[in-house]
Amino acid sequence: LQSNILLPVSNRPGQSVRVTDRFITCQLIIPGGINLPFLLLVLLVIGIDQLSKYIIWINLRPNESLPVIKSVFHITYVNNPGAAFGLLADKTPFFIAVTMVVVIIIFLSYRYLPPDWILMRLALALMLGGAIGNFIDRVRFGYVIDFLDFRIWPVFNLADMALVAGVILLCWQLLVPIGKQGPVL
């Protein structure tokens with residue numbers, strides 16, 4: 001059993017320290033029940049994703065490829081009008097609607113997670129940042145800018161990497177029994 005005690009650290013609303021028998025976590029809660037580290041990670045993923053796509057967009061032409069490691073890894077600028085692997089090409093309104101639903105589900109899920117479920121919160125932050133990164137492209141251009149090309153796999157981007165990492169972490173958290181997942185962070 002784990003005991004939780006919530007102690008105020010200041011008279012400012014939203015700041016607290018949670019003391020458990022395993023660790024102490026400090027949280028700064030912003031309006032809406034989202035804590036600052038979660039929001040910062042989401043913004044970091046979006047920022048890095050959008051910056052990398054901007055660099056590709058201004059330096060390469062569509063379908064131009066620069067070998068980094070010849071026949072292994074290239075930077076290839078691709079306008080992807082579909083989902084993963086180019087599936088459902090030119091269904092941008094559908095992808096925008098699905099992304100909006102996913103973003104709402106992630107925010108709602110996050111609000112109900114216990115504060116000590118750090119890896120689950122990390123998974124949701126990565127998925128949210130990746131989803132919003134690709135959402136921005138779809139709204140601006142009607143397609144997603146992809147550029148990481150390993151030659152044996154369809155071209156992808158950093159938002160895709162964050163989404164996949166988040167989904168893998170989420171699956172691990174959901175499938176591995178509590179107590180067998182390793183130490184609590």
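Refer to the preceding data block for the structure.
None of these values were measured; they are calculated from a predicted model.

Rules and cut-offs
- Residues numbered from 1 in each chain as written.
- Predicted model: local features only at pLDDT ≥ 70, side-chain atom pairs only at ≥ 80, totals over all residues.
- Heavy atoms only, no water.
- Helix = DSSP H or I, 4+ residues; strand = E, 2+ residues; numbered from the N terminus.
- Buried < 20%, exposed > 50% of the residue type's maximum accessible area, 1.4 Å probe, protein only.
- Contact = heavy atoms within 4.5 Å.
- Phe/Tyr/Trp six-rings, centres within 6.5 Å; stacked < 30°, edge-to-face > 60°.
- Lys NZ or Arg CZ within 6 Å of the ring centre and 35° of its normal.
- Expected span 1.5 Å × (residues − 1).
- Polar contact = N/O pair within 3.5 Å; in protein donor to acceptor, adjacent residues only side chain to side chain.
- Pairing = 2+ DSSP bridges.
- Axes fitted to C-alpha atoms, helices over the stretch in contact; angles between N-to-C directions.
- Core = buried A, V, L, I, M, F, W, Y, C linked by side-chain atoms within 4.5 Å.

### A word on the overall build of the chain
For the chain, the helix and strand inventory stands at 4 helices and 7 strands. Along its sequence from the N terminus, the chain presents helices and strands in the succession β-β-β-β-α-β-β-α-α-β-α. Relative to its full complement of 185 residues, the chain shows a buried share of 37%. Considering only residue pairs separated by 6 or more positions, the chain has 54% of its internal contacts joining residues 24 or more positions apart.

### Here we look at the packing of aromatic side chains
Taken as a whole and judged by the stated rule, the model has 7 aromatic pairs. Consider the rings of Phe141 and Tyr143, whose centres lie 5.4 Å apart with planes at 20 degrees: the pair is stacked. On the accessibility criterion, Phe141 (23% relative accessible area) is partly exposed. A network of ring pairs unites the aromatic residues Tyr54, Trp57, Phe141 and Tyr143 as a single cluster. For the cation-ring pair, Arg121 lies above Tyr110, with the distance from its terminal atom to the ring centre recorded as 4.4 Å. Here the basic side chain of Arg138 rests over the ring of Phe95, its NZ or CZ set 4.6 Å away from the ring centre.

### Examining helix H1 (residues 36-59)
For H1, which comprises 24 residues, the first-to-last C-alpha distance of 34 Å matches the rise-based estimate of 34 Å (1.5 Å per residue) to within 8%. Where H1 is concerned, the buried positions are Phe38, Val42, Val45, Ile46, Asp49, Gln50, Ser52, Lys53 and Ile56. Residue Asn35 occupies the N-cap position of H1, its side-chain oxygen lying 3.0 Å from the main-chain nitrogen of Phe38.

### Comments concerning the sheet that holds strand E6 (residues 73-80)
Reading across the sheet, the 3 strands line up as E5-E6-E7 and stay open at both edges, with antiparallel pairing between neighbours. The open sheet terminates on both sides in strands that have one partner only, identified here as strand E5 (65-69) and strand E7 (144-149). Adjacent strand axes in the sheet meet at a mean angle of 25 degrees, parallel and antiparallel pairs treated alike. Across 4 bridges, E5 lies against E6 in antiparallel orientation. Residue pairing in the sheet places Ser65 in a bridge with Thr76 of E6. Here H1 sits on the sheet and contacts E6 and E7; the angle it forms with E7, its principal contact strand, is near 85 degrees.

### Section: the nonpolar core
The biggest cluster of nonpolar side chains holds 12 residues, and these are Phe38, Val42, Ile46, Val103, Ile106, Tyr110, Leu113, Met120, Leu124, Ala125, Met127 and Leu128. Elements with a minimum of two residues in this core: H1, helix H2 (92-111) and helix H3 (118-141). Among the elements that make up this core, the one with the highest residue count is H3 (5 residues). Those residues in contact with Leu124 that sit more than four places away from it in its chain are Phe38, Ile106, Ser109, Tyr110 and Leu113. Formed by 10 residues, the second largest nonpolar core is a distinct cluster that contains Ile56, Ile145, Leu148 and Phe156.

### Description of the pairing of E6
In regular strands, side chains alternate between the two faces of the sheet. Among the 8 residues in E6, 6 count as buried, and that is most of the element. Counted between consecutive antiparallel strands, the loop separating E5 from E6 contains 3 residues, among which Ser71 sits at a positive phi close to 65 degrees. For E6 and E7, the ladder comprises 5 bridges, and the chain directions are antiparallel. Bridge pairing links His74 to Asp149 in E7.

### Section: unusual backbone geometry
What is expected of a backbone is that most residues other than glycine have negative phi and most peptide bonds are trans. With a phi angle near 65 degrees, Ser71 is a residue other than glycine that sits in the positive phi range. Within the secondary structure, Ser71 sits in the loop between E5 and E6. Relative accessible area serves as the criterion here: at 60%, Ser71 is assigned to the exposed category. One non-glycine residue, Asp90, adopts positive backbone phi at about 65 degrees. Structurally, Asp90 can be placed in the loop between E6 and H2.

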